[in-house]
Amino acid sequence: MLNDEKVSYSAMQSTGTLTLGNYLGALDNWVKLADEYMTFYAIADLHSLTVRQNPADLRKSARDLYTLYAAAGLDPEENCIYFQSHVSAHAELAWILNCFTYMGELNRMTQFKDKSSKNADNINAGLFTYPVLMASDILLYQADVVPVGADQKQHLEITRDIAERFNNIYSETFTVPEPYIGEATAKIMSLQDPEKKMSKSDDNPNASVFLMDDKDTIIRKFKRAITDSGSEIVYSDDKPGIQNLINIYSCVTKKSVEEIEKEFAGKGYGDFKMAVGEAVAARIEPIQQKFNELQKDKEYIEKLIKENDEKAEYFANKTLRKVKKKVGLIERPR
Ligand code: AQP
């Protein structure tokens, strides 16, 4: 342990704009943990390079994401929000941990299989070793918990395996982290295909609600959401479309499933979709306002970036030095 306070770590790739899935599945839980934990939340810009990016767009998305973290409720003076690429320890530890990770383990990762089928012309080594960089991110900060959506559970498991393997060989070095996955928000599904998760890179613009969508767009997307046959608003596995909308409505209004079923008894899908759209728009609106305000204060954001990069670097380097020593690398004279 680095200190007595428990640590929460997580990150998001800086590609495109965040979806409602990213927000409810991850970011909103980061905010919930902020009071209780020492927090490190990164802009995973190195991870973004596994898919070909336009450099100017990537820079803009990364800056916007920084501001969006703050706008969503993470006070950057209390939470260490930083850019992964500004802390070189991430790439260094990833190399070392690559040597403690087996090809067979990486071959089993479902995200690698999904992303390589979507990017068949660019199945690069970074896409394959992505989980090792993610393990390095988490282990550098001795994280106790990692708030993520259910799609990242497998990557958390490999992180734990790598940490335990290293600890067994070299004695206690890394804290073995636990995933923190919200129940109803674990997997927010696509509005156009409720069997598929809502995703930033979905080709169908109606499948995902983005945190920067305006109210009309949000309501239109919910109105067009694919629902199931029948007309009752009930939470049931054979109604995945309605189930997804109930989950979303429940998260943004804090109403229980029973309360929601009661509220919409005797009403149709149209009324319900409208209510979900309005509730989501109302939840997102203050985040957008705050985002626009913060964006005007470039100097303040620059100052925070600098301070938090330094803080992240301090903690990450502490772990990296320990790891280098344990594996037998000669310490650099200081
Ligand atoms: N639909 C979702 N429901 C709940 N949680 C989700 N997350 C992503 N989609 C959902 C969580 O958001 C965090 C961001 O992860 P990421 O930026 O590394 O990207 P990702 O998981 O690959 O997210 P996307 O939106 O699907 O991006 P693309 O389309 O680029 O692949 C993670 O904690 C993730 O679990």
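Refer to the structure above for everything that follows.
In this report, we go over the structure that sits alongside the text. Bear in mind that the values here come from a model prediction, so they are computed numbers and not experimental data.

Definitions and cut-offs
Residues numbered from 1 in each chain as written. Predicted model: local features only at pLDDT ≥ 70, side-chain atom pairs only at ≥ 80, totals over all residues. Heavy atoms only, no water. Near = heavy atom within 4 Å. Polar contact = N/O pair within 3.5 Å; in protein donor to acceptor, adjacent residues only side chain to side chain. Areas by Shrake-Rupley, 256 points an atom, 1.4 Å probe, with all protein chains shown as cover. Helix = DSSP H or I, 4+ residues; strand = E, 2+ residues; numbered from the N terminus. Nonpolar A, V, L, I, M, F, W, Y, C, P; charged D, E, K, R; others polar. Buried < 20%, exposed > 50% of the residue type's maximum accessible area, 1.4 Å probe, protein only. Contact = heavy atoms within 4.5 Å. Core = buried A, V, L, I, M, F, W, Y, C linked by side-chain atoms within 4.5 Å. Salt bridge = Lys/Arg side-chain N within 4 Å of Asp/Glu carboxyl O.

### Concerning the site of the ligand
Next up, step 1: Neighbouring the ligand are 21 residues, the closest being Asp151, Ile188, Lys197, Ser199 and Ser201.
Next up, step 2: Gln152 places a side-chain nitrogen or oxygen 3.4 Å from an oxygen atom of the ligand.
Next up, step 3: Alone, the ligand offers 650 Å² of accessible surface; in the complex the protein occludes 95% of this.
Next up, step 4: It is helix H1 (residues 20–33) that provides the largest number of residues to the shell around the ligand, a total of four residues.
Next up, step 5: Here the shell around the ligand is composed, by residue class, of seven nonpolar, nine polar and five charged.

### A short note on the environment of Tyr249
Next up, step 1: Considering the arrangement of structural elements, one finds Tyr249 in helix H10 (residues 240–253).
Next up, step 2: Classification of Tyr249 by relative accessible area gives buried; the value is 5%.
Next up, step 3: With 162 residues separating them along the chain, Tyr249 and Val87 place their C-alpha atoms 38 Å apart.
Next up, step 4: In contact with Tyr249, other than residues within four places in its own chain, are Lys254, Lys255, Ile260, Glu263, Phe264, Phe272, Ala275, Val276 and Ala279.
Next up, step 5: Of the polar contacts made by the side chain of Tyr249, one reaches the side chain of Glu263; its length is 3.1 Å.

### Some words on the nonpolar core
One recurring pattern in soluble globular proteins: nonpolar side chains tend to sit buried together.
Next up, step 1: Counting 57 residues, the largest nonpolar core has Leu20, Leu27, Tyr69, Phe222, Ile248, Phe272 and Val280 as its most contacted members.
Next up, step 2: Elements with a minimum of two residues in this core: H1, strand S2 (38–43), helix H3 (55–71), strand S3 (80–83), helix H9 (215–223), H10, helix H12 (269–296) and helix H13 (298–327).
Next up, step 3: When residues in this core are grouped by element, the largest group, 11 residues, is from H12.
Next up, step 4: Val132, Met134, Ala135 and Tyr141 belong to the second largest nonpolar core, which has 40 residues in total.

### Some details on the pattern of salt bridges
Next up, step 1: Evaluation of the coordinates by the stated rule reveals 15 salt bridges.
Next up, step 2: Residue Lys6 pairs with Asp144 through a salt bridge whose shortest N-O separation is 3.9 Å. Of this pair, Lys6 sits in the segment before strand S1 (7–12) while Asp144 is found in the loop between helix H7 (125–140) and strand S4 (145–147), placing the two residues 138 residues apart along the sequence.
Next up, step 3: Each of the salt bridges in this network shares a partner with another, and the network as a whole consists of Asp28, Lys32 and Arg283.

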